Amino acid sequence: MTPLTALLVRDMRIAVRVGGGAMIGVLFFVVVVTLTPFAVGPDLALLKRIGPAILWLAALLASLLALDRLFASDHEDGSLDLILTGGSPLELVIAAKGLAHWLTTAIPLIVAAPLIGLLLDIEPPAQAGLVLTLLVGTPALTFIGAVGAAIAVTLRRGGMLLAIIVLPLTVPVLIFGVAAANAAVAGPVPFGTPFTVLCALTLASLVIGPFAAAAALRLDIE
Amino acid sequence: MRLSELANPSRFLRTANLAIPWLAGATAIVFAFAIYRAMLAPDDYQQGATVKIMFLHVPSAWLGMLCWGLMTIAALGTLVWRHPLADVAAKAAAPLGAAFTLLCLVTGSLWGRPEWGTYWVWDARLTSELILFLLYLGVIALWRTVEDASRAARAVAILTLVGAIDLPIIKFSVDWWNTLHQGASVFRLGGSTVDPTILIPLLLMAAAFTLLFVTLLLAAMRNEILRRRVRTLRLLQASATG
Amino acid sequence: MRLSAVDLACRRGGRDVFAGIGFHLAAGQALAVTGRNGAGKSSLLRIVGGFLRPAGGRLWLEGGDPEFSIAEQAHYLGHQDAVKPSLSVAENLHFWAAFFGAGMTKVQDALGAVGLGGIAALPAAYLSAGQRRRLSIARLLAVKRPIWLLDEPASTLDAAGRDRLTGFMQSHLAGGGLILAATHGALGLGGAQELSLDEKIPSALPGDGLGRGSEATVGAVTP
């Protein structure tokens, strides 16, 4: 097993075993979606129109929840120090941890999204578009979030600060993700246009995220 | 054997080992009879045979609420009377209640689709039932978050008691709010308005579901007790190694 | 192989911790870093381990692998044990062995050597503090690296654990390794050099540069 694969497997094992496991993220996702009709009113037509947006927001917030622990738990028990001496480039380490986070947090969400979409009366073509945009867009959320997590790692009340740093950076992903999901249902914009931009955003974040996060973690070394 | 004597886990295990096969048998028999009677029940003049989803939907709703009621009593048992098996019962019951509630939501959704043209509406009864399901999941998550079950018990007990508020809301939601869901027809003052050809199979199914719940609950409690014993043994093993 | 440092200085939180520290450590030699609490023993180890940048001075390794930094050729055993409670004992060590690129063959032996072989399958959450320490030490045995940086390694260990640790250190030195250990008590290794960081109390004003390290007396105790 290569060093990075070992790290990926370890992070996934821990994510699945600790606390509520992978279920917690999905549960939060469902709770946020359930709250919306209480705020917005039970008008199904309205909910159907804003459905993809609600699901995207909920996915974003649920992803954010688990990001707090991305580096913090390793930092607290001294594992991060040892990982730095492992000989693997820090950028790849972050990529591996990000992948583990995405697999354990986002994939369950994406699987649950169509079912939850039923609650908001989202039609099948819209469901398909939504799932595809989530699949492509959630890695961007993870890797942008990793930058915030790296910056906030040494801070005690890091969770809130992490949200404040990360959420504005995720706005482009949110815009194009929802636009693509909506485009899957109704025109005038064809699905491809916002979707390709979303893909581009994700690919960019897969590269920039690890480098920026590594730089932030190295700041820790005075 | 008095109920209080069952408080001893070992004695409970012995009783459960005896009782579970009989209960399982009784469950199967009552289910068979109930399904037979349900098949005989007349179709609805509008909905046709679809109406028979009711024989799954209604009992599972009742059991979902009954289970939370049981968890509430167990919560009091943990907090007030310090009964040793109360938290075992609560932990074992939670997934069962969640399953019944999910069954209710899914059967209701499938039933509602041809009726109302949609899989879901945000009316008071459905929403409060969904909230119940989320409460169950929250309780299950809380049990799993704390590794030592007996420590988690008190936190879960408090959550259970607070969540119990949802039960009367579900029950009376169809009265208090204008909802799409059918009003109360079985449990109401003045007696049920349901015809016996439907009511009898319904009550039989409810009895079968209840027997199923009790059987599964005892089995789950047995598993939980054994699980805790394994944990204790492993802790002893770790500390004995030195 | 030779690890050397000259004129190392450390500054933390605006305060000078030590200055003018130097040492030379050859293969098979151990250096015990002593001093009262707050003298900077941990900081010195972290500087050598690459986790802290020194405020001044030089640190270099002769005879090592030029492809890797000093940190990548050293084992750091800090105050924290880097043990994940949700993984089993064996899974914890397997991860470090795989991550550091060592083979899997040494893992079971390492666990046996520290006395954790029988409970390898138990969750690490069930371990006592001393057992977690031993699991950390097992990492040093499972993955071969020439330099050991040990920060109070025997803390939380009982007498048997301490004896075992001394045995491991002696084997490591006999194999040509180097040990730099911060310690309150004795290391139990004959022939260890000692570096004391105890100093005159520095001035109360922060940042005026008056905190001094000791005249870095690296005296050799008679072997």
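The structure presented is a predicted model; accordingly, all values stated were derived computationally and were not measured.

(A) Structural context of the overall build of chain C. From N to C terminus, chain C includes 5 helices and 9 strands. Secondary structure elements of chain C, listed N to C terminal, follow the sequence β-β-β-α-β-β-α-α-α-β-α-β-β-β. A buried classification covers 45% of the 223 residues belonging to chain C.

(B) Local environment of the overall build of chain B. Within chain B one finds 7 helices and 0 strands. Listed N to C, the secondary structure of chain B is α-α-α-α-α-α-α in terms of helices and strands. Based on the C-alpha atoms only, the size of chain B along its principal axes is roughly 75 × 35 × 30 Å. Counting only residues that meet the buried cut, chain B has 31% of its 242 residues in that class. The long-range fraction of contacts in chain B, counting pairs at least 24 apart against all pairs at least 6 apart in sequence, stands at 77%.

(C) Representation of the interface of chain B and chain C within the structure. Each partner contributes to the interface: chain B provides 7 residues, whereas chain C provides 8 residues. Grouping the constituent residues of the side of chain B that touches chain C by class yields 2 nonpolar, 3 polar and 2 charged.

(D) Structural view of the environment of Ser73(A). Relative to the assigned elements, Ser73(A) resides in helix H4 (residues 69–76). Look at Ser73(A) and you get partly exposed, because 17 C-beta atoms sit within 10 Å.

(E) Expanded view of the interface of chain C and chain A. Contacts between chain C and chain A engage 22 residues on the former and 19 residues on the latter. Mapped by element, the contributors of at least two residues to the side of chain C that touches chain A are strand E5 (74–77) and helix H2 (89–99) of chain C. Broken down by element, the residue count for the side of chain C that touches chain A peaks at 3 residues, all from H2(C). Split by residue class, the side of chain C that touches chain A holds 13 nonpolar, 5 polar and 4 charged.

(F) Spatial organisation of the nonpolar core. One finds Phe29(A), Ala150(A), Leu93(C), Ala138(C) and Leu149(C) to be the most contacted residues of the largest nonpolar core, which totals 149 residues. Here this core takes 13 residues from helix H7 (residues 124–151) of chain A, the largest share from any one element. Not counting chain neighbours up to four residues away, the residues in contact with Ala150(A) comprise Phe71(A), Ala213(A), Ala216(A) and Leu217(A). Among the nonpolar cores identified, the runner-up in size contains 47 residues, and Val88(B), Ala153(B), Met205(B) and Leu218(B) belong to it.

(G) Fine view of the sheet that holds strand E2 (residues 15–26) of chain C. All names here are of chain C. The strand order across the open sheet built from 3 strands is E2-E1-E4, with neighbouring strands paired in antiparallel fashion. Only two strands of the sheet have a single partner each, and these edge strands are E2 and strand E4 (56–62). Going across the sheet, the axis of each strand differs from the next one's by a mean of 15 degrees, ignoring polarity. In this structure, strand E1 (residues 2–12) lies alongside E4, joined through 6 bridges in antiparallel fashion. Bridged to Leu3 within E4 is Leu61. Set on the sheet, helix H1 (residues 41–48) makes contact with E1, E2 and E4; between it and E1 the angle comes to about 125 degrees.

(H) Up close: the packing of helix H4 (residues 124–145) of chain B against helix H5 (residues 149–163) of chain B. Residue and element names in this part refer to chain B. H5 packs onto H4 with a crossing angle of 165 degrees between their chain directions and a minimal axis gap of 9 Å. The orientation of H4 with respect to H5, classified from their angle, is roughly antiparallel. Like other packed secondary-structure pairs, H4 and H5 cross with a definite hand, here right-handed. Within the contact between the two elements, H4 uses Leu135, Gly138, Val139, Leu142 and Trp143 and H5 uses Ala149, Ala152, Ala155, Val156, Leu159, Thr160 and Gly163.

(I) Just the confidence of the model for chain B, in detail. For chain B, per-residue confidence averages 88 on the pLDDT scale, and 95% of positions sit at 70 or higher. Considering each helix and strand of chain B separately, the mean pLDDT is smallest for helix H6 (residues 166–176) of chain B, with a value of 80, and largest for helix H2 (residues 54–81) of chain B, with 94.

(J) The pairing of E1(C), seen in detail. Residues and elements named next belong to chain C. In this structure, E1 lies alongside E2, joined through 8 bridges in antiparallel fashion. If you follow Ala5 over to E2, its bridge partner there is Phe23. In textbook terms, the turn of a hairpin is the stretch between consecutive antiparallel strands, and for E1 and E2 this stretch comprises 2 residues, one of which, Gly13, has a positive phi near 55 degrees.

(K) The arrangement of helix H4 (residues 129–142) of chain C in detail. Residues and elements named next belong to chain C. Between its terminal C-alpha atoms H4 stretches 20 Å, which fits the 20 Å expected from 14 residues at 1.5 Å a residue. Across the 14 residues that make up H4, a large majority, 12, are buried. Where the residues of H4 are buried, they touch E5, H2, helix H3 (105–113), strand E6 (147–151) and helix H5 (159–174).

(L) Here's a closer look at unusual backbone geometry. The residue Arg82(B) is not glycine, and still its phi comes out positive at about 55 degrees. You can see Arg82(B) is positioned in the loop between H2 and helix H3 (86–116). With 9 C-beta atoms counted inside 10 Å, the residue Arg82(B) sits in the exposed group. A positive phi angle, close to 45 degrees, is found at Glu152(C), a residue other than glycine. Within the secondary structure, Glu152(C) is located in the loop between E6 and H5. We classify Glu152(C) as partly exposed; it has 18 C-beta atoms within 10 Å.

(M) Broad picture of the pairing of E5(C). Residue and element names in this part refer to chain C. Burial along E5 is two-sided: the residues Ala74 and Tyr76 and His75 and Leu77 are all buried. As defined by bridge partners, E5 adjoins E6 across 4 bridges and the pair is classed as parallel. Looking across to E6, one finds that Ala74 is bridged to Ile147.

How each quantity is defined
- Throughout, a residue's number is its position along its own chain's written sequence, starting from 1.
- Written order decides the labels, with chains lettered from A and ligands numbered from 1.
- Where totals are concerned, whole chains, interfaces and linings use all residues; where local detail is concerned, this predicted model gives features only for residues with pLDDT of at least 70, and gives and counts side-chain atom pairs only at 80 or more.
- A run of H or I in DSSP becomes a helix once it reaches four residues, and a run of E becomes a strand once it reaches two; helices and strands are each numbered from the N terminus.
- Counts of 20 or more other C-beta atoms within 10 Å of a residue's own C-beta define buried residues, counts of 12 or fewer define exposed ones, and intermediate counts define partly exposed ones; C-beta atoms are placed from the backbone.
- Whether two residues are in contact is decided by their C-beta atoms, placed from the backbone, lying within 7 Å.
- Residues are grouped as follows: nonpolar covers Ala, Val, Leu, Ile, Met, Phe, Trp, Tyr, Cys and Pro; charged covers Asp, Glu, Lys and Arg; every other residue, Gly included, is treated as polar.
- The term nonpolar core refers to a group of buried residues, namely Ala, Val, Leu, Ile, Met, Phe, Trp, Tyr and Cys, whose C-beta atoms join them within 7 Å.
- Two strands make a pair as long as DSSP finds a minimum of two bridges between them.
- All axes here are fitted lines through C-alpha atoms, helices being fitted over the stretch that makes contact, and every angle between N-to-C directions spans 0 to 180 degrees.
- For this classification, under 35 degrees means roughly parallel, over 145 means roughly antiparallel, 65 to 115 means roughly perpendicular, and everything else is oblique.
- When the near helix sits turned anticlockwise from the far one by under a right angle, the crossing is termed left-handed; a clockwise turn instead gives a right-handed crossing.
- Note on scores: pLDDT gives the predictor's confidence for each residue, bounded by 0 and 100.
- Expected helix span is taken as 1.5 Å per residue step, with the number of steps being one fewer than the number of residues.

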